[in-house]
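Given next are the chains, with one letter for each unit.
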Amino acid sequence: LESKIITCVTGSVHNVVIDLRKESKTFLKKFEIVISSKVSGSLLVPAGCANAFLTLEENTVVYYLMSSFFSSESY
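The structure reproduced in this document is the subject of the present report. (Residues numbered from 1 in each chain as written. Predicted model: local features only at pLDDT ≥ 70, side-chain atom pairs only at ≥ 80, totals over all residues. Heavy atoms only, no water.)

1. Some points on the sheet that holds strand β1 (residues 4-10)
Then comes step 1: Strands sit in the order β4-β1-β6 across an open sheet of 3 strands; the sheet is antiparallel. Strand pairing shows two members of the sheet lacking a second neighbour, β4 (43-45) and β6 (61-66), which therefore form its edges. Strand after strand, the sheet turns through a mean of 25° between neighbouring axes, direction not considered. (Pairing = 2+ DSSP bridges. Helix = DSSP H or I, 4+ residues; strand = E, 2+ residues; numbered from the N terminus. Axes fitted to C-alpha atoms, helices over the stretch in contact; angles between N-to-C directions.)

Okay, here's the thing in structure tokens:
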């Protein structure tokens, strides 16, 4: 499982995070946010949380950094 850092370099995205960590107080809760290049900042998605985003503008560029490489053996 990996953590993720998401930054919108150009344009904007609607981002949804769902906590899939069974031991967490926020298990199965969702968090939604619009990430925009007009507002500086990044979103940290903890390991064990699902993440999805939808671009809201043409030519949107997202910087998506993961803490480790994907491995199907982790799931």
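From this point, the discussion proceeds with the structure in view.
2. Re the packing of aromatic side chains
Then comes step 1: Per the counting criterion, the structure on display carries 1 aromatic pair.
Then comes step 2: A ring pair is formed by Phe 53 and Tyr 64, whose centres lie 6.2 Å apart and whose planes are at 45°; its orientation type is tilted. Of this pair, Phe 53 sits in strand β5 (residues 49-55) while Tyr 64 is found in strand β6, placing the two residues 11 residues apart along the sequence.
Then comes step 3: Classification of Tyr 64 as partly exposed rests on a relative accessible area of 33%. (Phe/Tyr/Trp six-rings, centres within 6.5 Å; stacked < 30°, edge-to-face > 60°. Buried < 20%, exposed > 50% of the residue type's maximum accessible area, 1.4 Å probe, protein only.)

3. Considering the side chain of Asn 51
Then comes step 1: Looking at the element boundaries, Asn 51 is found in strand β5.
Then comes step 2: A relative accessible area of 18% places Asn 51 in the buried class.
Then comes step 3: Within polar-contact distance, the side chain of Asn 51 engages the side chain of Asn 15 at 2.7 Å. (Polar contact = N/O pair within 3.5 Å; in protein donor to acceptor, adjacent residues only side chain to side chain.)

4. Quick notes on the environment of Ser 37
Then comes step 1: Take Ser 37: it is sitting in the loop between β3 (30-36) and β4.
Then comes step 2: A relative accessible area of 33% places Ser 37 in the partly exposed class.
Then comes step 3: For the pair Ser 37 and Gly 11, spaced 26 residues apart in the sequence, the C-alpha separation amounts to 5.6 Å.
Then comes step 4: Excluding anything up to four places from it in sequence, Ser 37 contacts Cys 8, Val 9, Thr 10 and Gly 11. (Contact = heavy atoms within 4.5 Å.)

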